[in-house]
Amino acid sequence: MSEEFQPVAQPHLWGNERIYLDEALESGWVSSRGPFIERFERAFAESIGVAHAVSVTNCTNALHLALDALGIGPGDEVIVPDFTMMAPVFAVLYQRATPVPIDADETWNMDPDAVAVAITPRTRAILAVHTYGHPARIDRLREIADEHNLWLVEDAAEAHGGAVLGRAVGTFGDIACFSFYANKLITTGEGGMIITNCEELAKRVRWKRNMCFGSDEESRYTHESIGFNYRMTNLQAAIGLAQLENAAAALESKLSIAQAYDAALGEIPGLTLPPRSTWAKNVFWVYGVLIRDEFGRSRVELQQRLSSRKIETRRFFTPLHRQPVIRSNGSLLSFPNADLLCERGLYLPSFPCMSTSVIQRVADEIRRARG
Ligand SMILES: *Cc1c(COP(=O)(O)O)cnc(C)c1O
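Residues numbered from 1 in each chain as written. Predicted model: local features only at pLDDT ≥ 70, side-chain atom pairs only at ≥ 80, totals over all residues. Heavy atoms only, no water.

**What about the packing of aromatic side chains?**
In the structure shown here, the tally under the stated rule is 18 aromatic pairs. Seen from their ring centres, W108 and Y132 are 6.3 Å apart, and the 90° between their planes marks the pair as edge-to-face. With a gap of 24 residues between them, W108 in the loop between β3 (98-102) and α5 (112-118) and Y132 in the loop between β4 (123-129) and α6 (138-147) connect regions that are remote in the sequence. For the pair W108 and Y132, one class covers both residues: buried. Ring pairs connect the aromatic residues F83, W108, Y132, W285, F316, F317 and Y347, which therefore count as one cluster. (Phe/Tyr/Trp six-rings, centres within 6.5 Å; stacked < 30°, edge-to-face > 60°. Helix = DSSP H or I, 4+ residues; strand = E, 2+ residues; numbered from the N terminus. Buried < 20%, exposed > 50% of the residue type's maximum accessible area, 1.4 Å probe, protein only.)

As structure tokens, this is what we get:
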């Protein structure tokens, strides 16, 4: 029997995307001015419960803009997770600041206890990443940031809709960034958002996003600072607004997929299932497992086996301390948890409205792979 290919991720377009996109095209507003930008920004801010949302070209640029707006620069240290997608680390490097990596805790996120110890007189900010859907211990990181007078930036690209102690991810930081890449909770093709409750920061981010143009005709081409073109288009915002209308449904879908995977994989020896914590709402952006020795097959063998059955999987991130692009000055620090995640982690197909029969099929193949 030939089974259908199962990708790890796939966008789901629910319906109004085409209608709004048509409307945007009809209006002639195809670039970064037009009514959908403001509508999307306002709806996004409301959906999280913050005062300001500023749309941008993608989350990598959102992070760059956030650090720039906060005045992070050469010589500054920014505390980041060692186990992370590299975009937030690149953002630190764009500003010629120094990323200071912190090992992962049991939630696969930056360990707050290790953060407190890593602070030096040069530390300016903590850049927390909520990885794979389980929020970082952001309430504690907020406390640490306040104690040491540091900025707190949240990379919420993988935890859109998540919460810590009932409070939305993205509302703990001075500034938070989201991604609308095709595999994120909602998509605009490419796109991102910066949110903040600080009006002054929001203003600065808007100004920087749009080339630091002057505010009136007289000063328009007078630039007081280095600006960027990180503007989202009205076409993307039209898609984003439609996607946002179904963000709750997309999240529900992800949660029920995770529940079903937990049930289907729970009995298989040698698998560590993704973390759940009483204090956090994990949104299961991806459904990741760790392959322990008891499983009896290596991760590569399992991946190959699943691939031959047309089931796509993806390895976990390579930690910062192993990245050739980071010229480590012979750091004596070790990152055992990040190493473990990097060596053992694998994530499985999971996307909004994925058929539940896929989960059983994946679980059956994993069980058979043990031999
Ligand atoms: C996807 C992602 C990004 C980058 O988002 P882009 O919109 O693709 O630039 C940044 N950080 C994390 C944690 C991500 O998962």
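**A few points about the site of the ligand**
Around the ligand, the surrounding shell holds 14 residues, and the nearest of these are T60, D155, E158, S179 and K184. One nitrogen or oxygen atom from the side chain of T60 is found 2.6 Å from an oxygen atom belonging to the ligand. Between the ligand and K184, the relevant distance is 3.2 Å, taken from an oxygen atom to a side-chain nitrogen or oxygen of the residue. For the ligand, whose free accessible area comes to 380 Å², the fraction covered by protein is 92%. Looking at the shell around the ligand, the elements with two or more residues in it are α3 (59-69) and α4 (87-94). (Near = heavy atom within 4 Å. Polar contact = N/O pair within 3.5 Å; in protein donor to acceptor, adjacent residues only side chain to side chain. Areas by Shrake-Rupley, 256 points an atom, 1.4 Å probe, with all protein chains shown as cover.)

**A short note on the domain arrangement of the protein chain**
Interface size, as often reported, equals the accessible area lost upon joining of the parts. The domains assigned to the protein chain are domain 1 (16-244) and domain 2 (247-369). For domain 1 versus domain 2, the distance between C-alpha centres works out to 26 Å. Opposite the 40 residues of domain 1 that make contact, domain 2 presents 34 residues. Summing the contributions of domain 1 and of domain 2, the shared interface buries around 3,000 Å²; its carbon and sulfur component is 70%. Linking domain 1 with domain 2 are 15 residue pairs in polar contact (both at pLDDT 80 or more), by the criterion used here. Elements that contribute at least two residues to the side of domain 1 that touches domain 2 include exactly β2 (77-81), α4, β3, β6 (163-164) and α8 (234-245). (Domains from an automatic or database assignment. Contact = heavy atoms within 4.5 Å. Buried area = accessible area lost by both parts, 1.4 Å probe.)

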